[in-house]
Amino acid sequence: MLELRRIAYHQEDFHLTADTRISAGFTALIGPSGAGKSTLLNMIAGFLAPTSGQVLWDGQEISGLPPAKRPVSILFQDNNLFPHLTVRANLALAMTTRRPDADQLARIEAALAQVGLGGMGGRRPAALSGGQQGRAALARVLLQDRPLMLLDEPFSALGPALRSEMLDLVARLAAEQGIRVLMVSHAPEDARRVADEVALVSQGALHPPQPTQGFFATPSKQLQAYLGDG
Amino acid sequence: MAQRALPLSSLPRSGAGLWALLVAGLVIGPVTAVIWRAGGLGALGPADFDALWFTLWQAAVSAGLSVALAVPVARALSRQRFPGRGALIALLGAPFILPVIVAVLGLLAVFGGNGLVNQLTGALGLPRIDIYGYHGVILAHVFFNLPLATRLILQGWLAIPAERFRLAASLGAPVGRLLERPMLRRIAPGAFAVIFVICLTSFAVALTLGGGPRATTVELAIYQAFKFDFDLAKAATLALVQLALGIGSALALLLLSPPDGFGAGLDRLQARWDGRSRPAGLCDALWIGFAALFLLTPLAMIVLAGLPGLMVLPVETWQAALRSVSVALGATALTLVLALPLATRAGELAGLLGVAVSGLVLGTGLFLIVQPLMRPAEAALPVTLLVNALMALPFVLRILRPELDAARADFGRLAATLGITGFALWRIVLLPRLRRPLGFAAGLTAALSMGDLGVIALFADGEHATLPLQLYRLMAAYRMEAAQGAALLLLTLSLGLFWLFDKGGRANA
Amino acid sequence: MLGRTLAAGMIAATATMAAAETPVLTVYAGDYFKSEWGPGPGIEAGFEARCGCDLVYKTGELLPRILLEDERTEADVVIGLTSDVTKKARESGLFAPHGLDTSALTLPVAWQDDTFLPFNYGHTAFVYNKEKVATPPASFDDLLNAPDDLRLVIQDPRSSISGLALVLWVHAVYGDEAEAAWAKLAPKIVTVTKGWSESYGLFTDGEADMVLSYTTSPAYHIIAEEDDTKAAAIFPEGHYFMVELAAKLATTDNPELADQFMAYVLTEDFQSMIPTSNWSLPSALPQEKWPEGFRALPMPEKVLFYNEDEAAALRDEAIEAWRSALSR
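If you're wondering where the values come from, they're calculated on a predicted model, not measured in any experiment.

Parameters and conventions
- Residues numbered from 1 in each chain as written.
- Chains lettered and ligands numbered in written order.
- Predicted model: local features only at pLDDT ≥ 70, side-chain atom pairs only at ≥ 80, totals over all residues.
- Heavy atoms only, no water.
- Helix = DSSP H or I, 4+ residues; strand = E, 2+ residues; numbered from the N terminus.
- Contact = heavy atoms within 4.5 Å.
- Areas by Shrake-Rupley, 256 points an atom, 1.4 Å probe, with all protein chains shown as cover.
- Buried < 20%, exposed > 50% of the residue type's maximum accessible area, 1.4 Å probe, protein only.
- Arc of directions from axis to C-beta.
- Axes fitted to C-alpha atoms, helices over the stretch in contact; angles between N-to-C directions.
- Parallel < 35°, antiparallel > 145°, perpendicular 65-115°, else oblique.
- Nonpolar A, V, L, I, M, F, W, Y, C, P; charged D, E, K, R; others polar.
- UniProt positions renumbered as here; feature names shortened; annotations may be inferred.
- Salt bridge = Lys/Arg side-chain N within 4 Å of Asp/Glu carboxyl O.
- Buried area = accessible area lost by both parts, 1.4 Å probe.
- Pairing = 2+ DSSP bridges.
- Right-handed = clockwise from strand over helix to strand, strands pointing away.

A few points about the overall build of chain B
Logical step 1: If you tally the helices and strands in chain B, you get 21 helices and 0 strands.
Logical step 2: Contacts in chain B between residues at least 24 apart in sequence constitute 86% of all its contacts with a sequence separation of at least 6.
Logical step 3: Carbon and sulfur atoms make up 70% of the accessible area of chain B, which amounts to about 18,500 Å² in all.

Concerning helix 7 (residues 178–185) of chain C
Since the α-helix packs 3.6 residues into each turn, any two residues three or four apart lie on the same face.
Residues and elements named next belong to chain C.
Logical step 1: Taken residue by residue, helix 7 has Ala178, Ala181, Trp182 and Leu185 as its buried positions. Buried residues along helix 7 cover an arc of 100° about the axis, so they all sit on one side.
Logical step 2: Packed against the buried residues of helix 7 are helix 5 (140–144), strand 6 (152–155), helix 6 (161–174), strand 7 (189–193) and helix 14 (308–327).

Some thoughts on the packing of helix 7 (residues 134–159) of chain B against helix 13 (residues 278–311) of chain B
Residues and elements named next belong to chain B.
Logical step 1: It is the contact of helix 7 with helix 13, at a shortest axis distance of 11 Å, that shows an interaxial angle of 110°. Classified by the angle their axes make, helix 7 and helix 13 are roughly perpendicular. Seen from helix 7, the contacting residues are Leu139, Val142, Phe143, Leu146 and Pro147; seen from helix 13, they are Phe290, Phe294, Leu295 and Pro298.
Logical step 2: Looking at the contact of helix 7 with helix 13 residue by residue, the class counts come to 9 nonpolar, no polar and no charged.

Describing the UniProt feature "domain: ABC transporter" (unreviewed entry) in chain A
Logical step 1: Under the UniProt annotation, the feature "domain: ABC transporter" (unreviewed entry) is placed at residues 2–228 of chain A.
Logical step 2: Note that residues 2–228 of chain A is 36% helix and 25% strand, and that its end C-alpha atoms are spaced 30 Å apart.

Some thoughts on the pattern of salt bridges
Logical step 1: All told, the structure shown has 26 salt bridges over all chains when counted by the stated rule.
Logical step 2: A salt bridge links Asp148 of chain C to Lys188 of chain C; the nearest nitrogen and oxygen atoms lie 3.2 Å apart. Highlighted residues: Asp148 of chain C in the loop between helix 5 and strand 6 and Lys188 of chain C in the loop between helix 7 and strand 7, separated in sequence by 40 residues.
Logical step 3: Its relative accessible area of 1% is what places Lys188 of chain C among the buried residues.
Logical step 4: When salt bridges that share partners are traced, they join Glu3, Arg5 and Arg21 of chain A into one network.

Details of the side chain of Thr237 of chain B
Logical step 1: With respect to the helices and strands, the residue Thr237 of chain B is situated in helix 12 (residues 232–256).
Logical step 2: Every residue in contact with Thr237 of chain B, bar those within four places of it in the chain, is listed here: Leu41, Gly42 and Leu44 of chain B.

Focus: the interface of chain B and chain C
Logical step 1: With 60 residues of chain B in contact, the opposing surface of chain C contributes 56 residues.
Logical step 2: In total, chain B and chain C occlude about 5,200 Å² of area from one another, counting both sides; carbon and sulfur atoms represent 55% of this.
Logical step 3: Of the charged contacts, one joins Asp50 of chain B and Arg323 of chain C as a salt bridge, the two residues approaching to 3.5 Å between their closest N and O atoms.
Logical step 4: Among the elements that make up the side of chain B that touches chain C, the one with the highest residue count is helix 20 (residues 467–476) of chain B (7 residues).
Logical step 5: Considering only residue class, the side of chain B that touches chain C consists of 32 nonpolar, 15 polar and 13 charged.

Here's the deal with the pairing of strand 7 (residues 148–152) of chain A
All names here are of chain A.
Logical step 1: Burial within strand 7 is extensive, with 5 of its 5 residues counted as buried.
Logical step 2: Here strand 7 shows a buried face lined by Leu148, Leu150 and Asp152 and a second buried face lined by Met149 and Leu151.
Logical step 3: Of the strand pairs in this sheet, strand 6 (residues 72–75) and strand 7 are connected by 4 bridges, and their pairing is parallel. Its bridge partner being in strand 7, Val72 is matched across the sheet by Leu148.
Logical step 4: Looking at chain direction, strand 7 and strand 8 (residues 180–184) are connected through 5 bridges and run parallel. From the neighbouring strand, Leu151 faces strand 8, where its bridge partner is Met183.
Logical step 5: Taken together, strand 7, helix 5 (residues 160–177) and strand 8 constitute a β-α-β crossover, and its handedness is right-handed.

Below, the structure is given as structure tokens:
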């Protein structure tokens, strides 16, 4: 379970606070752009230090740890794969910075098969379509096998049908592997489609998550304002 | 927006500050040694201030012209495909890496009193064009530096992700305003700064083509103070003035150049949709033709003049050539080892010291430092490598840093979440991302070291002459034909080394 | 196999021991000196044949290097100093008297220096291509009054010894009128180069009709290239004397060898090597023993020269006359 304990972040005239727990299998963070969704994700992933407060995982503080030591993996908006490496070499980096052994190679092939890219490990990312690149990146985070997966508006470059397909795949595979997911999105329909709980980020604060159905069925004032804007 | 502040802060920079201090020390130490030996600084006279003024304005005009002409040339090269384009880009780099004396001979064969241009104007009954004077100095500096400016700006163009061009093409958006001008704002000031600083320390060009004492540069005044008057105090003072000028101007211009604003593209060949119209194609063809004619004709003249001389080259010359190649390779390795951790803003500033410092004062200072410790001749090789590396460092850093910054910005977070740090970060992420600029930088360093005459006249014991030194010896012995052969050999080896390294990096350009 | 290796090793060891016992004379010389076509190799062989020693050249900078090295210098002898630096060299106290009888010198000027010993000399002269300049100037005045399309290259007096000799030459001929003379010369000067090599390269490339060089330059073309199209214009106003010198270091740890070398400089063996390797005139060899190409060279009637004190006093003024006339 992820806990954000009295987190505050200040940078020039940007301010953000968060003090809540996130425990659902798939949680979506939605809110207007510039509200601080990605900032929150970056603090959880370890790219950004909060001005004050702590990030905890299962009761252990993780705020001081470097990104790679945290129990999280992350899918960025873009640059999820090194373009100069084959897909296989990219996936191997999820496990080791050395040459992968036979066992690891087998796991790579299995992960590729899971995301529907069986046999494509020898290609460079540039030789893949946008959807295939997303799948390869997903295989990479699955191989990292961290208990929490962060999605920073992934697949936003894909068309709606392809994006839905990818989100379904993420939700299914994460659930199969027992990985919790925290997704930043500015598309409420994405949240509605895959999230168990939704939390709103607006007016400089993260609001506690609520079950998806109730969240949209009885929208709060802030949510009304956001959806009305959108 | 908060996102902007994100990625870089959490990434290791492997003690760049310490490296920067080390490199700065390698420059400042020797200068200090000279001042210490001189017992203080000397006074400057009116002739020195004339030299200062001439140095400043010729450097500004030369750098401005080089960059201004490089923009259309680089643009034409970046958006037109034609057979031999790769070879042309490599050849266009040649003048920058030529030893001054070779280049001046080539320029004179074209623009001199008996040169091609005057033969043409003579045949047409037009008045003779004289190369000597301010315009000759500037012409030569543009000849030397247009290739550098073109390459730096071309790198900038190639670094714009192909996706951006696709997007602009699909939107019918103006490529110039959207993509090119921001890139130029980022690249051009740095290119100007480097060339300005190079021209600040110009010496032999100004002296040969300047047509007289009007074209006296600070570096010449230093040479005079050192060699003719053995006035170390004055030499050191002038060297400090030159250093301050170089650092001051470079600092101002580097601070002006805005931070990197480009994301990463995938490694596709760059395909563009602009520049396909007839007028644009014609205009590009004219620019490429101009650059090729201006830069390659003097080279062709060197080749023609040198061929007969190759036959009569003495054995010593071939030995010197071998020695120069090994020195060049050593200097290249050392430069890259120094440059990679230094490719930060602080590092780049420290690196600029290397080109802004007077070679003569640097050599003298190193001599004073080394001499109590060992026989200077024993230190000749390490000192040569070190000085060559220091001289090449500013160029290498200018080439590497924007690309390294981009690689860090684009892939730093991915590397961090995968736990790729330290040496593995270089091996897996940064070095492969830097392949193209690294190849270029290595080629440049090797070629510059080949052409280096050496600030080490003090260290040499005469046993280990380099090829440029051998060239001067041949000239001093009236062996002009052999000297032209040696010039051709030098040209071939410099270009060959550059081509080999650059090819590795340019494979996908 | 093993036997051969052992034997080779023993020979090598003996050779090393022999080398260690041979005294070494270290000679600092100008850079061109020891190249295969320079005078160095012949002098080395000739001296080693009589001294039973090993002569080792260190080439590169001369006086600046010795001044920087100060008493730590390895040099026993230095060869190739020019008359413009003798004052500074003398004042350093690093050089010792040669103790030789200089009456055998065959210089066109009187030379009684007890420290710096001439080994060759020449005169500044404007060298021209006969095919391009049909009627060369017959005097310095003629040169000043020549049409402005006569193309001349000279060397910078602030970086080159021949350039310095030229400004002293002009001063010797024109005195207070030197600046006016330079002003007349200025339009004809195509360019000023850092050193002699660059100028001469421009001249042989056809960039200039005349070049500031030496009266002996045509000899190279005549003897080595069998080309008699190059000639030096001889002026009745006189030509400036250029001399190259050898000297013994006071700090030498081989004083006997150094003295022996200084004496060798005046021998016929040494002197007869100078013309066709240094392409200048021997300092102690009667004219009838010069090679034919040199004997045939036209030589100036009048030779101009300032001794080191006069030259030091005049130098700044002479350079300034040049600078201000050419800066206009």
